[in-house]
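# Report on the structure
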Amino acid sequence: MRYLVVFLFAFLTIPFYAQDSPTVQKVIGTIINDNTMLPISNVNVININKVIGTVTNSKGNFEMEVSLSDTLHISCLGFQSIKVKVTNDWIKNKSTKIQLTQKAYALEEVIIRPYNLTGFLEIDSKLIPIKENYRYSISGLPQGYEAGEYSPNAFAHVMGSIFNPADLLYNFFGKKGTELKKLRIMKKDDSVRNLLESKFDRETLSVLLGVDKKEIAEILQRCNYSESFISSANDLQIMDAISQCYEEYKILKKK
């Protein structure tokens, strides 16, 4: 009788354990223009939950491994970015169509302000602002980039954040552990890296890390990166910079 009870208990608990690990399935999506109903190629699609990415082909199609309730972030130059949740009917039918809306751009007036130079080198050289930026490289990238002053005092903000709960770095690195773990996964996915290398809008990073775009700039400032790097670096360089700062933060916190 005792063996029968154990058997029944094991049998009844199998479905519950199965529910803990959602099934991964491959689905197909087609991205189209909601105005022309034509397919859109080179659309970036990222599974936020699994941190994997892909792009649509010439027919607007993409394939991706998903689980029920995963969220896909879909973006393309000139179109409004959207988030799409994986539903039961999509998994059941294996394919679906997703519409993107084209952006309407309003051109603004651009004012170019030249430096008022005198023609004398000694005087003009003092009129032009000079920013001290040191050149660094990130593994995997062919070229270096300009980052902020990297002296022994460069860790002051990171060290201070450990002992100051109100500090931005403490709040971000201390409470975003799950999101920051995605950085390691993102580094391993070539599709995600290629996407970030071609983007400069911080939108994808903002979605994956769960922060506002302005917060990304503030975090990099606290990590002692220069304004020129923050404004000109691509999203891949920004991701690697935040990742490096986070690793240094963890080391300093342990000490």
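Reading the values: rules and limits
- Residues numbered from 1 in each chain as written.
- Predicted model: local features only at pLDDT ≥ 70, side-chain atom pairs only at ≥ 80, totals over all residues.
- Heavy atoms only, no water.
- 1 Å grid on protein atoms, 1.4 Å probe; cavity = no way out; pocket = protein on both sides within 12 Å on 5 of 7 lines; lining within 4 Å.
- Points joined across faces, edges and corners; volume = space filled by probe spheres on them.
- Nonpolar A, V, L, I, M, F, W, Y, C, P; charged D, E, K, R; others polar.
- Core = buried A, V, L, I, M, F, W, Y, C linked by side-chain atoms within 4.5 Å.
- Buried < 20%, exposed > 50% of the residue type's maximum accessible area, 1.4 Å probe, protein only.
- Helix = DSSP H or I, 4+ residues; strand = E, 2+ residues; numbered from the N terminus.
- Contact = heavy atoms within 4.5 Å.
- Pairing = 2+ DSSP bridges.
- Axes fitted to C-alpha atoms, helices over the stretch in contact; angles between N-to-C directions.

### Let's talk about the layout of surface pockets
Any empty space left between atoms is shown by rolling a water-sized probe over those atoms. Of the volumes computed, that of the largest pocket is approximately 270 Å³. Forming the boundary of the largest pocket are 15 residues, of which Cys-76, Leu-77, Lys-199, Asp-201 and Glu-203 lie nearest the centre. Among the residues forming the lining of the largest pocket, the class breakdown is five nonpolar, five polar and five charged.

### Things to note about the nonpolar core
Note on soluble globular proteins: their nonpolar side chains tend to be buried together. Core analysis: the largest hydrophobic core is formed by 32 residues, its most contacted members being Phe-172, Phe-173, Leu-180, Met-186, Leu-220, Ile-238 and Ile-242. For this core, the elements supplying multiple residues, two or more each, are α5 (168–175), α6 (177–188), α7 (190–197), α8 (203–209), α9 (213–222), α10 (227–232) and α11 (235–254). With eight residues, α11 is the largest single contributor of residues to this core. Not counting residues within four places of it along the chain, the set of residues in contact with Phe-173 comprises Leu-180, Ile-219, Cys-223, Ile-242, Cys-245, Tyr-246 and Tyr-249. Listed in part, the 18 residues of the second largest apolar core include Ile-31, Ile-40, Val-45 and Trp-90.

### Some remarks on the sheet that holds strand β2 (residues 44–47)
The antiparallel open sheet is built from four strands, whose spatial order is β3-β2-β5-β6. Edge positions in the sheet fall to β3 (52–55) and β6 (82–85), since each has one partner strand and no second. Strand-to-strand twist of the sheet, defined as the mean angle between neighbouring strand axes without regard to direction, takes the value 25 degrees. Across four bridges, the pairing between strand β5 (residues 71–75) and β6 is antiparallel. Of the residues in β6, the one forming a bridge with Ile-74 is Ile-82. Those strands touched by α7 are β2 and β3, and its axis lies near 65 degrees from that of β3.

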